[in-house]
Amino acid sequence: MDTDIRVALVYPEVYDLARFKENRKEFPPFGILYLAAILEENSISVKIFKVSTGEERFDFRDYNIVGFSIPSSATYDHIKKARFSAIYSSGCVIAVGGVHATFYPRETFLDLKADVVAIGSGEKTIIEILESMPSRNFSGIPGVCCAIGGSLVVTPERPLDKDIDWIPFPARHLLNESDFLMSNRLAGTDTKMTHIMMSRGCPFSCHFCAVMQKKLQYRSGANTKMELEHLKRRYQIEGFAIVDDNFVVNKRAVRNVCEAIGDLGLHWSALSRVDTVNYELLETMRDAGCIELKFGIESGSEQILQAMGKNITCNQIRRTIALASSAGIRVKAFLVHGFPGETLETTRETISLLKEIGHMVDRVSLFRFVPLPGSFVFKNAKTYQLNIPERVEDWEKFHIYHNNYHWWGDEEDFRQVENSYAELNAFVEETWR
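Right, let's walk through the structure included here. (Residues numbered from 1 in each chain as written. Predicted model: local features only at pLDDT ≥ 70, side-chain atom pairs only at ≥ 80, totals over all residues. Heavy atoms only, no water.)

1. Quick look at the pattern of salt bridges
Following the criterion strictly, the structure yields 20 salt bridges and no others. For Asp287, the salt bridge is made with Arg286, and the minimal N-O distance between the two is 3.1 Å. Its relative accessible area of 53% is what places Asp287 among the exposed residues. Given the relative accessible area of 29%, Arg286 is considered partly exposed. Here Glu412 and Arg415 are joined by a salt bridge, their closest N and O atoms 2.6 Å apart. Taken as a pair, Glu412 and Arg415 lie in helix 13 (residues 411-431) at a separation of 3 residues, close to a single helical turn. A network of salt bridges, in which partner residues are shared, links Glu13, Lys50 and Asp179. (Salt bridge = Lys/Arg side-chain N within 4 Å of Asp/Glu carboxyl O. Buried < 20%, exposed > 50% of the residue type's maximum accessible area, 1.4 Å probe, protein only. Helix = DSSP H or I, 4+ residues; strand = E, 2+ residues; numbered from the N terminus.)

2. Remarks on the packing of helix 7 (residues 251-261) against helix 8 (residues 279-287)
Helix 8 packs onto helix 7 with a crossing angle of 25° between their chain directions and a minimal axis gap of 9 Å. Comparing the axis directions of helix 7 and helix 8 gives the class roughly parallel. At the point where helix 7 passes helix 8, the crossing takes the left-handed sense. Residue-level contacts link Lys251, Val254, Arg255 and Cys258 of helix 7 to Glu280, Leu281, Thr284 and Met285 of helix 8. Looking at side-chain class alone, the contact of helix 7 with helix 8 contains 4 nonpolar, 1 polar and 3 charged residues. (Axes fitted to C-alpha atoms, helices over the stretch in contact; angles between N-to-C directions. Parallel < 35°, antiparallel > 145°, perpendicular 65-115°, else oblique. Left-handed = near helix turned anticlockwise from the far one by under 90°. Contact = heavy atoms within 4.5 Å. Nonpolar A, V, L, I, M, F, W, Y, C, P; charged D, E, K, R; others polar.)

3. Some details on helix 2 (residues 76-85)
Of all 10 residues in helix 2, 8 are buried, a share of seventy percent or more. Looking only at helix 2, the buried set comprises Tyr76, Asp77, His78, Ile79, Lys80, Ala82, Arg83 and Ser85.

4. Side note on the packing of aromatic side chains
For the coordinates displayed, the defined rule picks out 20 aromatic pairs. On the numbers, 5.8 Å between centres and 40° between planes, the contact of Phe60 with Tyr88 is tilted. Here Phe60 is found in strand 5 (residues 59-60), whereas its partner Tyr88 is found in strand 7 (residues 87-88), with 28 residues between them in sequence. Grouping residues by exposure puts Phe60 and Tyr88 together as buried. Three or more aromatic residues link up through ring pairs in this structure, and these residues are Phe49, Phe58, Phe60, Tyr63, Phe68 and Tyr88. The aromatic ring of Tyr34 is capped on one face by Arg200, whose charged end is 5.3 Å from the ring centroid. Directly above the ring of Phe204 sits Arg273, whose terminal nitrogen or CZ lies 3.9 Å from the centroid. (Phe/Tyr/Trp six-rings, centres within 6.5 Å; stacked < 30°, edge-to-face > 60°. Lys NZ or Arg CZ within 6 Å of the ring centre and 35° of its normal.)

Below, the structure written as structure tokens:
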């Protein structure tokens, strides 16, 4: 492989509406940071570019390959604008990856006029793409979409590694520190922190969720501790947020991490389901520095929970919130309002549950339902009688925080969703102001 190759990696900066109408910058996607790290490990020159609104024109004439990351369909249009407004060198290879590209590789390839689209995790794929650049024949690479003789092909899926400790730590040093170091994002404290990934994948099948990978992959506790020690030395972090799709699934793997990092003196938070923890595990996590768990409660209506495919009950929600609270771990609840079938009655059931458990809940994030591309509901749009936008580019308008699009049902259904959301939102803001 030619180590004189220069690579540009491009990701969209996301500002979205968080709790109480606060404009909040999201962390950079880990995909880009891991790709940059693997490139540097192979002595390849790489630079990361951030696409901000209004700053979408770049000069890439110094680069042999430009890789665009689409971490969500809502950011598709930002990347598309950057792709076609940029200047490139002659013969530059255009590569695209990320969640959206994984779900829709053919459409992404054609619409962005790419040379190759990576499907799934790309650490090995990016190296093989570079190795194939002289011939520009990418058809021998597992897990890509490319053109062969005028025909579009998707190659066989790349097998997942059981061990992901081999992947180098994210190349955070290629970013401005303000992009990944924050002091207002850990459980409502002013702790200096960053984000970290300890696992990949989520085995559950919530109908509203778009997960790129079902199989779980965990890092070892020893490998995780090495990264956290590095972050303490170099950036003086005091805490971190685990941003995995669902960290608390495999209890043995979670204990392994907790036992390894318990002596670092760091505070941290993580995402979890209410049906994957017990009191013993909660104590282990607390003793290792966990100060907050974020639970996807979604709804207080048994009917809606069943329709969502959550496979949890309101009693499980009550029990787990009580366990976490009694263990001394703060609780943040995530809610999704407006799933097909939502009514004023089901919404008031959610409010009733929140009133019951509210004294044990420290924070609440209320999201509005969006049939995310790649999700079960999106794939079964006719069954749910969804009003799906005709153009993929239109997805930039519909964020799960504040969209008010008429996604399903007739005018009366939409009126109920709007009115019931207003009632739930008012209750959340009044209770957790």
